Amino acid sequence: QTKKKKETNAKVAQTKKNLKDVTITETVEGNVRNQQFSREQTAKSVQKNTLKANADVTVSETVEGQVRNQQFNREQTAKATAKKTLKDNADVVITETVEGQVRNEQFNRDQDFKKMQKETITNLRDINITDTVEGDVRKEQHTREKDWKAAGANQKKENTSFDMAKALFS
């Protein structure tokens, strides 16, 4: 391992000795990099000069700034008006209005109608309904219809136990 290391170091030393006298000339890659560097330096200096020149510039009002200012003032005025109106109306005493009177009358009418309905129901509890001719006729018809339906149902039951063969040969 030490022998290899010594050989490597010797080779490196020899290469360095040989390259001492070599003069490096310009290359295409070196020229391109040099141009890029100078362009970058120029752009940076222009930027610095622009910032220095604009340091003393005073920005005047713009159209957008004026519009925003007007909108802000309008909004503030509206808020102030709303606050003032609330403050002024704090001491206002509300008196009767036509609409309030009409609604009151409607409410009273509705309450009277409900009260009358309750009284009518209470008073009608004591009434006895007597039989009428029409009621008797309806009861008779109902009874007749029930009997007819019962007879039909009984007939079905009788027909289920009917034996056709016995009927023919008996």
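Here, every reference points to the structure presented above.
Computed from a predicted structure; not experimentally measured.

## What about the overall build of the chain?
Tallying secondary structure elements over the chain gives six helices and zero strands in all. Its helices and strands in sequence order give the chain the pattern α-α-α-α-α-α, from N to C terminus. What you see for the chain is a C-alpha radius of gyration of 58 Å, clearly larger than the 15 Å of a compact globule of 170 residues, by over 25%. Overall, the chain is about 145 × 95 × 35 Å in size when its C-alpha atoms are taken along their principal axes. By residue count, 0% of the 170 residues in the chain fall in the buried class. Carbon and sulfur atoms provide 54% of the accessible area of the chain, an area that totals close to 17600 Å². Put simply, the chain has 33 plus and 26 minus side-chain charges, and the middle of one group is 21 Å from the middle of the other.

## Thoughts on a nonpolar patch on the surface
Side chains of Leu19, Val22 and Ile24 sit close together on the surface and give an oily, nonpolar patch of about 340 Å² of accessible area. Inspection of the secondary structure puts Val22 in the loop between helix 1 (2-19) and helix 2 (28-54). Accessibility expressed as a relative area gives 49% for Val22, which makes it partly exposed.

## Re the environment of Asn108
Relative to the helices and strands, Asn108 resides in helix 4 (residues 98-123). Taking relative accessible area as the criterion, Asn108 reaches 38% and is therefore assigned partly exposed. Taking the C-alpha atoms as reference points, Asn108 and Gln36, 72 residues apart in sequence, are found 95 Å from one another.

## Some words on the environment of Thr97
For Thr97, the location among the structural elements is in the loop between helix 3 (63-89) and helix 4. Polar side-chain contacts of Thr97 include one of 3.0 Å to the backbone nitrogen of Gly100.

## Regarding the pattern of salt bridges
Scanning the entire structure with this criterion turns up ten salt bridges. The shortest N-O distance in the salt bridge between Glu29 and Arg33 comes to 3.1 Å. Of this pair, Glu29 and Arg33 both sit in helix 2, four residues apart, roughly one helical turn. Here Arg33 falls in the exposed class, since its relative accessible area comes to 55%. Note that Glu64 is salt-bridged to Arg68, the shortest N-O span being 3.0 Å. Of this pair, Glu64 and Arg68 both sit in helix 3, four residues apart, which is roughly one turn of that helix. A residue is classified by how much of its surface remains accessible, and Arg68, at 55% relative accessible area, is exposed.

Criteria and cut-off values
Throughout, residues of each chain are indexed from 1 in the direction in which the sequence is written. A pLDDT threshold of at least 70 governs which residues receive local features in this predicted model, and a stricter bar of 80 or more applies before side-chain atom pairs are shown or counted, although totals over entire chains, interfaces and linings include all residues. Side-chain numbers come from the whole structure's heavy atoms, not from hydrogens or water. Runs of E in the DSSP output that reach at least two residues are strands. Runs of H or I that reach at least four are helices, and both are numbered from the N terminus. To get the radius of gyration, use the C-alpha atoms; to get the globule rule, take the number of residues to the power 0.38 and multiply by 2.2 Å. Only protein chains enter the area calculation, which uses a 1.4 Å probe; residues under 20% of their type maximum are buried, those over 50% are exposed, and those in between are partly exposed. Computed by Shrake-Rupley with a 1.4 Å probe, the accessible areas treat only the displayed protein chains as cover when residues are assessed. His residues and chain termini do not enter the charge count, which takes Lys and Arg as positive and Asp and Glu as negative. Where a charge lies is defined by one atom per residue type, namely NZ (Lys), CZ (Arg), CG (Asp) and CD (Glu). Every patch collects residues that have over 30% relative accessible area and no salt bridge, joining them within 9 Å if they carry like charges and within 5 Å if they are nonpolar side chains (Val, Leu, Ile, Met, Phe, Trp, Tyr). Salt bridges are identified by distance alone: a Lys or Arg side-chain nitrogen within 4 Å of an Asp or Glu carboxyl oxygen. Contacts described as polar in this section are N or O atom pairs within 3.5 Å, which, within protein, must combine one atom able to donate a hydrogen with one able to accept it, while residues neighboring in sequence count only if both atoms come from side chains.

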